[in-house]
Amino acid sequence: MTHPTTPKPSPLTHFDAEGQAHMVDVAAKASTHRVAVAEGRITMEPATLALIQSGSAKKGDVLGIARIAGIQGAKKTSDLIPLCHPIALTRVAVEFEVEAAANSVLCRTTAECTGQTGVEMEALTACSVALLTIYDMCKAVDRGMTIGGVRLMEKRGGKSGHFVATSTTSAAQ
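Now for a description of the structure that goes with this document. For every chain, the first residue of the written sequence is number 1, and numbering continues from 1 along that sequence. Given that the model is predicted, a residue must reach a pLDDT of at least 70 before its local features are reported, and side-chain atom pairs must reach 80 or more before they are shown or counted; all residues, however, enter totals for whole chains, interfaces and linings. Where side-chain values are given, they derive from all heavy atoms of the structure, hydrogens and water being excluded.

1. A closer look at the environment of serine 31
Put simply, the rule reads: Numbered from the N terminus, helices here are DSSP runs of H or I no shorter than four residues, and strands are runs of E no shorter than two. Contact criterion: two residues are considered in contact whenever any of their non-hydrogen atoms come within 4.5 Å of each other.
With respect to the helices, strands and loops of the structure, serine 31 is situated in the segment before strand S1 (32-43). It is 6.0 Å that separates the C-alpha atoms of serine 31 and threonine 114, two residues lying 83 residues apart in sequence. Sequence-distant contacts of serine 31, defined by excluding residues within four places in its chain, comprise Gly115 and Gln116.

2. Regarding the pairing of strand S2 (residues 89-99)
Inclusion rule: A strand pair is defined by DSSP finding two or more bridges across the two strands.
The sheet contact formed by S2 and strand S3 (residues 104-115) spans ten bridges and is antiparallel. Bridging across to S3, glutamate 99 finds its partner in serine 104. In textbook terms, the turn of a hairpin is the stretch between consecutive antiparallel strands, and for S2 and S3 this stretch comprises four residues, one of which, asparagine 103, has a positive phi near 50°.

3. Some words on the nonpolar core
Stated formally: The term nonpolar core refers to a set of buried residues drawn from Ala, Val, Leu, Ile, Met, Phe, Trp, Tyr and Cys, joined through side-chain atoms within 4.5 Å. Categorising residues by exposure relies on relative accessible area from a 1.4 Å probe, with only protein chains included: less than 20% of the type maximum marks a residue as buried, more than 50% marks it as exposed, and the intermediate range marks it as partly exposed.
Among the nonpolar cores identified, the biggest contains 28 residues, and Ile42, Met44, Ile52, Phe96, Val105, Cys107 and Ile134 are the most heavily contacted of them. Among the elements of the structure, S1, helix H1 (46-54), helix H2 (62-75), S2, S3 and helix H4 (120-138) are those that each provide at least two residues to this core. Ranked by residues supplied to this core, first place goes to H4 with nine residues. With near-sequence residues (within four places) excluded, valine 105 lies in contact with Gly40, Arg41, Ile42, Met44, Leu49, Leu63, Phe96, Glu97, Glu99, Leu131 and Ile134.

4. Re the sheet that holds strand S5 (residues 163-164)
In a beta sheet, neighbouring strands pair by backbone hydrogen bonds and run either parallel or antiparallel. For clarity, the threshold we go by: In this description, a line fitted to the C-alpha atoms serves as the axis of each element, helices being fitted only across the stretch in contact, and the angle between N-to-C directions of two axes falls anywhere from 0 to 180 degrees.
The strand order S2-S3-S1-S4-S5 describes an open sheet built from five strands, whose pairing is antiparallel. Since the sheet does not close on itself, it has two edges, and those belong to S2 and S5, each with one partner. For S1 and strand S4 (residues 146-156), the ladder comprises eight bridges, and the chain directions are antiparallel. Each residue of the ladder has a partner; that of arginine 41, found in S4, is glycine 148. Against the sheet, H2 touches S2 and S3, its axis set at about 145° to S2. Packing against the sheet, H4 makes contact with S1, S2, S3 and S4, and its axis sits at approximately 25° to S1.

5. Topic: the packing of H2 against H4
Our working rule: The hand of a helix crossing depends on one turn: near helix anticlockwise from the far one by less than a right angle means left-handed, and clockwise means right-handed. Here the term charged refers only to Asp, Glu, Lys and Arg, the term nonpolar to Ala, Val, Leu, Ile, Met, Phe, Trp, Tyr, Cys and Pro, and the term polar to all other amino acids, Gly among them.
It is at 7 Å that the axes of H2 and H4 come closest, and there the two elements cross at 145°. Every pair of crossing elements has a handedness; the one defined by H2 and H4 is right-handed. Two secondary-structure elements touch here, H2 through Val62, Leu63, Ile65, Ala66, Ala69, Gly70, Gly73 and Ala74 and H4 through Glu122, Thr125, Ala126, Val129, Ala130, Thr133, Ile134, Met137 and Cys138. Looking at side-chain class alone, the contact of H2 with H4 contains twelve nonpolar, four polar and one charged residues.

Put into structure tokens, the structure is as follows:
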């Protein structure tokens, strides 16, 4: 005779003991200052990078528009990722570094809030949307661009403490 077993709680916070997806209850969590930093890069042909640097791309200031798109992406994260909480962001920064030797642009984003849940997804979304915007604005001259290495670099605040990425946590470039 077999006895029914009690389901084990999932180590994944977005699933309950029965394996059903749900939005995590953060009501009992303390509001703390939370910061997340993400990065990723887009690699392209040298001529495409030259267009971006010169500001002569047909659609305008590529990095300026990508910066605004990244900020908008962070603000829309809960609309895009089904189980993310809407967060009152207090700061979103999107920075670019041209890596001429690698024919790439590194994007680094920072998201901050004071709240009951973290801003990792907002930082990651900002980075992804900024890089996708660069692709969109330059695809007429270079459809072979690649986006990669989007990852969380640092997270501060909240119950789980401080996280800093190491080279072993990096995504394949």
